Amino acid sequence: MQLSIVFSALLLNIFYNCVSSLYFHIGETEKKCFIEEIPDETMIIGNYRTQLYDKQKEEYLPATQGLGMFVEVKDPDDKVILSRQYGSEGRFTFTSHTPGEHQICLHSNSSKFSLFAGGMLRVHLDIQVGEHANNYAEIAAKDKLTELQLRVRQLVEQVDQIQKEQNYQRYREERFRQTSESTNQRVLWWSIVQTLILVAIGIWQMRHLKSFFEAKKLV
């Protein structure tokens, strides 16, 4: 059991270390949204920076300070848990309270960059989930931890994150099972209704044919 947990921790650590930031382009009034599956009671930190295209230099340069970005986060119940305006570069933080798919949306609240690159803006986004959102250098300096103590704390938080992930997978499995059972039950009832309808139509056709033959004095 302990070997399995350690192996899972190593896999999770490798997986998150392989994740890199991304960038995308948005228009003046366009909104970009991302779906992130997050366990409950998990901290998420998002870092972003914006760039404008310089036609003279033919490259993207850091955006002006007057440009603003609006960040909105919704939980799986479509409840807004973060709605705030930031600058051209910033960081947003929130903690999930419901496991499931969280929607993270970004859009610009300014039209000042509409004169550049046909109104397109490049946004670099990096989302860190769970213990990977912690700055352990600051934690070590604040709590005066030795390297060994810091490493132990990292391992404890990694195991805690693995437990949250496992609980979330159990939650997803339970929801999938409930959906499957509900679908199977509906299919069963629909088959029963179809059978009853076919039997009723057959009885009606037989009675109708019998009345027709009796009226024609064929029987």
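Please read these numbers as outputs of a predicted model, since none were measured by experiment.

J.: Hey, could you go over the UniProt feature "transmembrane region" (unreviewed entry) in the protein chain for me, with residue numbers and the actual values?
T.: UniProt tags residues 187-206 as "transmembrane region" (unreviewed entry). Within the segment residues 187-206, helix and strand shares are 100% and 0% respectively, and the terminal C-alpha atoms sit 28 Å apart.

J.: Please provide a residue-by-residue account of the side chain of Thr50, values included.
T.: Turning to its location among the elements, Thr50 is positioned in strand 3 (residues 43-54). Accessibility expressed as a relative area gives 4% for Thr50, which makes it buried. For Thr50, the side chain forms a polar contact with the main-chain oxygen of Ser88, separated by 2.8 Å. Apart from the residues within four sequence positions on either side, Thr50 is in contact with Leu61, Pro62, Ala63, Leu67, Met69, Ser88, Leu121, Arg122 and Val123.

J.: Describe helix 3 (residues 147-215), with residues and values.
T.: Under the 1.5 Å per step criterion, the end-to-end length of helix 3 is 101 Å for 69 residues, consistent within 8% with the ideal 102 Å. Listing the buried residues of helix 3 in full gives Leu150, Gln154, Gln158, Gln161, Ile162, Lys164, Glu165 and Tyr168.

J.: Any chance you could break down unusual backbone geometry for me, citing the residues and the numbers?
T.: With phi around 55 degrees, Glu41 is a residue other than glycine that occupies positive phi space. Considering the arrangement of structural elements, one finds Glu41 in the loop between strand 2 (32-38) and strand 3. For Asp78, which is not glycine, the phi dihedral falls at a positive 65 degrees. Residue position: Asp78 is located in the loop between strand 5 (69-74) and strand 6 (80-86). On the basis of relative accessibility, which here comes to 53%, the residue Asp78 falls in the exposed class.

J.: Provide a residue-level description of the sheet that holds strand 2, including the pertinent values.
T.: Read across the sheet, four strands follow the order 2-8-5-6 without closing on themselves; strand pairing throughout is antiparallel. Strands with a single pairing partner mark the edges of an open sheet, and in this sheet they are strand 2 and strand 6. Across this sheet, the average inter-strand angle for adjacent strands is 15 degrees, counted without regard to direction. Bridge count between strand 5 and strand 8 (residues 100-108): six bridges; the pairing is antiparallel. Note that in strand 8 the partner of Val73 across the bridge is Ile104.

J.: Which residues make up the side chain of Gln51, and what values go with them?
T.: By secondary structure assignment, the location of Gln51 is in strand 3. With sequence-adjacent residues up to four places away left out, Gln51 is seen in contact with Tyr60, Leu61, Pro62, Ala63, Leu121, Arg122 and His124.

J.: Give a detailed account of the environment of Gly27, specifying residues and quantitative values.
T.: Inspection of the secondary structure assignment puts Gly27 in the loop between strand 1 (22-26) and strand 2. For Gly27, a relative accessible area of 10% puts it in the buried group. When the C-alpha atoms of Gly27 and Met120 are compared, they prove to be 4.7 Å apart, with 93 residues separating the residues in sequence.

J.: Any details on the packing of aromatic side chains? Residues and values, ideally.
T.: By the definition in use, this model includes three aromatic pairs. Geometrically, the ring pair formed by Tyr168 and Tyr171 is stacked, given 6.4 Å between the ring centres and 25 degrees between the ring planes. One end of the pair is Tyr168 and the other is Tyr171, both in helix 3 and three residues apart, which spans about a single turn.

J.: A description of the state of the cysteines should follow, citing residues and the corresponding values.
T.: Tallied over the entire structure, the rule returns one disulfide. The side chain of Cys33 participates in a disulfide bridge whose partner is Cys105; the two sulfur atoms lie 2.0 Å from each other. Taking the torsion about the sulfur-sulfur bond, which here is approximately 110 degrees, the covalent link between Cys33 and Cys105 counts as right-handed. In this pair, Cys33 is assigned in strand 2 and Cys105 in strand 8, connecting sequence segments 72 residues apart.

J.: Which residues make up the nonpolar core, and what values go with them?
T.: Counting 22 residues, the largest nonpolar core has Phe92 and Phe94 as its most contacted members. Counting only elements with at least two residues in this core, the list comes to strand 1, strand 3, strand 5, strand 6, strand 7 (89-95), strand 8 and strand 9 (121-129). The dominant element in this core, judged by the number of residues it contributes, is strand 9, at five residues.

Conventions adopted
Residues numbered from 1 in each chain as written. Predicted model: local features only at pLDDT ≥ 70, side-chain atom pairs only at ≥ 80, totals over all residues. Heavy atoms only, no water. UniProt positions renumbered as here; feature names shortened; annotations may be inferred. Helix = DSSP H or I, 4+ residues; strand = E, 2+ residues; numbered from the N terminus. Buried < 20%, exposed > 50% of the residue type's maximum accessible area, 1.4 Å probe, protein only. Polar contact = N/O pair within 3.5 Å; in protein donor to acceptor, adjacent residues only side chain to side chain. Contact = heavy atoms within 4.5 Å. Expected span 1.5 Å × (residues − 1). Pairing = 2+ DSSP bridges. Axes fitted to C-alpha atoms, helices over the stretch in contact; angles between N-to-C directions. Phe/Tyr/Trp six-rings, centres within 6.5 Å; stacked < 30°, edge-to-face > 60°. Disulfide = S-S within 2.5 Å. Core = buried A, V, L, I, M, F, W, Y, C linked by side-chain atoms within 4.5 Å.

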